[in-house]
Amino acid sequence: MVPYDESVPPTRRRRSLLAATALATVCLSAAGCGAGDAGAGAPARPGPGGSAAATSPSTPPSASPSKSAPAPKKTSPSPTRSAPPAGGNSGPLSGKTVVIDPGHNPNNHLHTREINRQVDIGTTHKECDTTGTSTNSGYAEARFTLDVSHRLRTLLQKQGAKVVLTYDNDRTYGPCVDERARIGNEARADAVVSVHADGSAVGNRGFHVILPGPVRGGAADTSKIVEPSRDLGTRIAGLFVRATGSAPSNYVGGNTGLDVRKDLGGLNLSTVPKVFIECGNMRDPKDAALLTSAGWRQKAAQGIADGISSYLNG
Ligand SMILES: [Zn+2]
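Residues numbered from 1 in each chain as written. Predicted model: local features only at pLDDT ≥ 70, side-chain atom pairs only at ≥ 80, totals over all residues.

1. Some details on the overall build of the protein
In terms of regular secondary structure, the protein is built from ten helices and eleven strands. Across the 314 residues of the protein, 58% fall into the buried class. Counting only contacts in the protein whose residues sit at least 6 apart along the sequence, the fraction spanning at least 24 positions is 81%. (Helix = DSSP H or I, 4+ residues; strand = E, 2+ residues; numbered from the N terminus. Buried ≥ 20, exposed ≤ 12 C-beta atoms within 10 Å, placed from the backbone. Contact = placed C-beta atoms within 7 Å.)

2. Structural notes on the packing of helix α7 (residues 226-244) against helix α10 (residues 294-312)
Viewed as axis vectors pointing N to C, α7 and α10 meet at an angle of 145°, and their least axial separation amounts to 7 Å. Crossing angle aside, the handedness with which α7 passes α10 is right-handed. Facing α7, whose interface residues are Asp231, Leu232, Arg235, Ile236, Leu239, Phe240, Arg242, Ala243 and Thr244, α10 presents Trp296, Lys299, Ala300, Gln302, Gly303, Ile304, Asp306, Gly307, Ile308, Ser310 and Tyr311. (Axes fitted to C-alpha atoms, helices over the stretch in contact; angles between N-to-C directions. Left-handed = near helix turned anticlockwise from the far one by under 90°.)

3. Looking at the pairing of strand β6 (residues 191-198)
The element β6 is largely enclosed, with a buried count of eight among its eight residues. Here β6 shows a buried face lined by Ala191, Val193, Val195 and Ala197 and a second buried face lined by Val192, Ser194, His196 and Asp198. Bridge count for strand β2 (residues 97-102) against β6 is five bridges, and the pairing is parallel. Counted as the bridge partner of Asp101 is Ser194 from β6. Across six bridges, the pairing between β6 and strand β11 (residues 274-281) is parallel. Within β11, the position partnered with Asp198 by the bridge is Asn281. (Pairing = 2+ DSSP bridges.)

4. Description of the confidence of the model for the protein
For the protein, mean pLDDT is 81; residues scoring 70 or higher make up 73% of the total. Confidence drops under pLDDT 50 across residues 6-76; counting only partners more than four residues distant or on other chains, this segment forms 164 contacts. (pLDDT = per-residue confidence, 0-100.)

5. A closer look at the environment of Val119
Following the sequence through the fold, Val119 ends up in strand β3 (residues 118-120). Placed 57 residues apart in sequence, Val119 and Cys176 show a C-alpha to C-alpha distance of 7.7 Å. Those residues in contact with Val119 that sit more than four places away from it in its chain are His125, Lys126, Cys128, Cys176, Val177, Asp178 and Gly265.

6. Looking at α7
With 19 residues, α7 ought to run about 27 Å at 1.5 Å a step, and its terminal C-alpha atoms sit 26 Å apart, in line with that. Of the surrounding elements, those touching the buried residues of α7 are β6, β7 (208-212), β10 (258-261), β11 and α10. Phi turns positive one or two residues past the end of α7, at Gly245, with a value near 80°. (Expected span 1.5 Å × (residues − 1).)

7. A look at α10
In this model, α10 (19 residues) spans 27 Å end to end at C-alpha, consistent with the 27 Å of a helix rising 1.5 Å per residue. Those residues of α10 that are buried lie in contact with β2, α5 (141-158), β6, α7, β11 and α9 (285-291). Looking at the residues trailing α10, positive phi occurs at Gly314, about 70°.

8. A few points about the nonpolar core
Counting residues in hydrophobic clusters, the biggest one holds 53 residues, and the most contacted among them are Ile236, Ile277, Ile304 and Ile308. The leading source of residues in this core is α10, at eight residues. If we skip the residues at most four places from it in the chain, Ile277 touches Val193, Val195, His196, Phe207, Val209, Ile236 and Ile304. Counting residues in each nonpolar core, the second largest holds ten residues, with Ile121, Cys176, Val177 and Ala181 among its members. (Core = buried A, V, L, I, M, F, W, Y, C linked by C-beta atoms within 7 Å.)

9. Digging into the packing of α5 against α10
The geometry of a pair of packed helices is captured by two quantities: the angle between their axes and the separation between those axes. Interaxial distance between α5 and α10 falls to 8 Å at its minimum, and their mutual angle equals 50°. As the angle between them shows, α5 and α10 are arranged oblique. Where α5 crosses over α10, the two elements pack in a sense that is right-handed. Contact residues: α5 offers Asp147, Val148, Arg151, Leu152, Leu155 and Leu156, while α10 offers Arg297, Gln298, Ala300, Ala301, Gln302, Ile304, Ala305 and Ile308. Classifying every residue of the contact of α5 with α10 gives nine nonpolar, two polar and three charged. (Parallel < 35°, antiparallel > 145°, perpendicular 65-115°, else oblique. Nonpolar A, V, L, I, M, F, W, Y, C, P; charged D, E, K, R; others polar.)

10. Let's talk about the environment of Ile121
Following the sequence through the fold, Ile121 ends up in the loop between β3 and β4 (125-127). For the pair Ile121 and Leu269, spaced 148 residues apart in sequence, the C-alpha separation works out to 6.3 Å. Among residues more than four places away in sequence, those in contact with Ile121 are Lys126, Val177, Asp178, Ala220, Gly265, Asn268 and Leu269.

11. Regarding unusual backbone geometry
Cis geometry marks the peptide bond from Gly174 to Pro175; its omega dihedral reads 10°. At Asn169, a position not held by glycine, the phi torsion is positive, near 60°. We note that Arg188 has phi near 50°; this positive angle belongs to a residue other than glycine. Examined against the element boundaries, Arg188 turns out to sit in the loop between α6 (177-186) and β6. With 10 C-beta atoms counted inside 10 Å, the residue Arg188 sits in the exposed group.

12. Some words on the pairing of β7
The two faces of the sheet receive side chains in turn, since in a regular strand these alternate between them. Extensive coverage of β7 is indicated by the burial of five of its five residues. Neither face of β7 is left uncovered, since the one carrying His208, Ile210 and Pro212 and the one carrying Val209 and Leu211 both have all their residues buried. Bridge count for β7 against β11 is three bridges, and the pairing is antiparallel. Across the sheet, the residue bridging to His208 is Glu278, located in β11.

Right, dumping it as structure tokens:
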């Protein structure tokens, strides 16, 4: 999930404010959870152990990250780079670099203080990262995003792309949203996709792709990525429908499957074409049945891969 903040329309803001009140220690904004959970009247479940984390941020101070000091070894590895594709760099995506950003981290709920740390997203400051949402049965969004990202990586590598993951179960929390953007920038990615699933009210169904809006402030300047990101996102939305059979969201984007946001650090700080995708609503039982299916997740990954391929092949 990617909760809204005060820069978004009032209807969304109301939900976000409710979320901020009810879920402040569970869903911490920036890139995941929040809005819809409040609408559903139920707090997000960040997976096993998540509720305890909301009241026990007892990690030693030495574990707190600092941009100016070396972070703990386990929390700041280099971005996970893919091994060279089997058979060399042949394939239609040879020479292309794709960064995949698995939303959240399964262990964020154990590091509330660290992920609450404010980071500069150019236009404002937001939390480092968020816990994300989960299905009612406890399947965490962060597990979903990593699984789909792995499937997506495999599909893209088969086409010859160089693939970089922003993290790959190699950190205790995060990365922060500003670092997630920076990894894509430093990789000079041809395309970046941040994978998520939403946490909205029951009956709210379907996927939507989030596009960067025009923002400028501090380190944020999306003027060069708005247009190519829309192209990337539009292709992903269309091909996601084809691969999964899922309909565009019935609660965001007016059934277009596309939404534009100006409040997400991961988009605002990106200098390369980037979109988020909310693959479905984990809080809706029918969507949850899809999201928890490995077979469906493969289709979801295929749809995203098809969209990326279409964009990169022009
Ligand atoms: Zn999310």
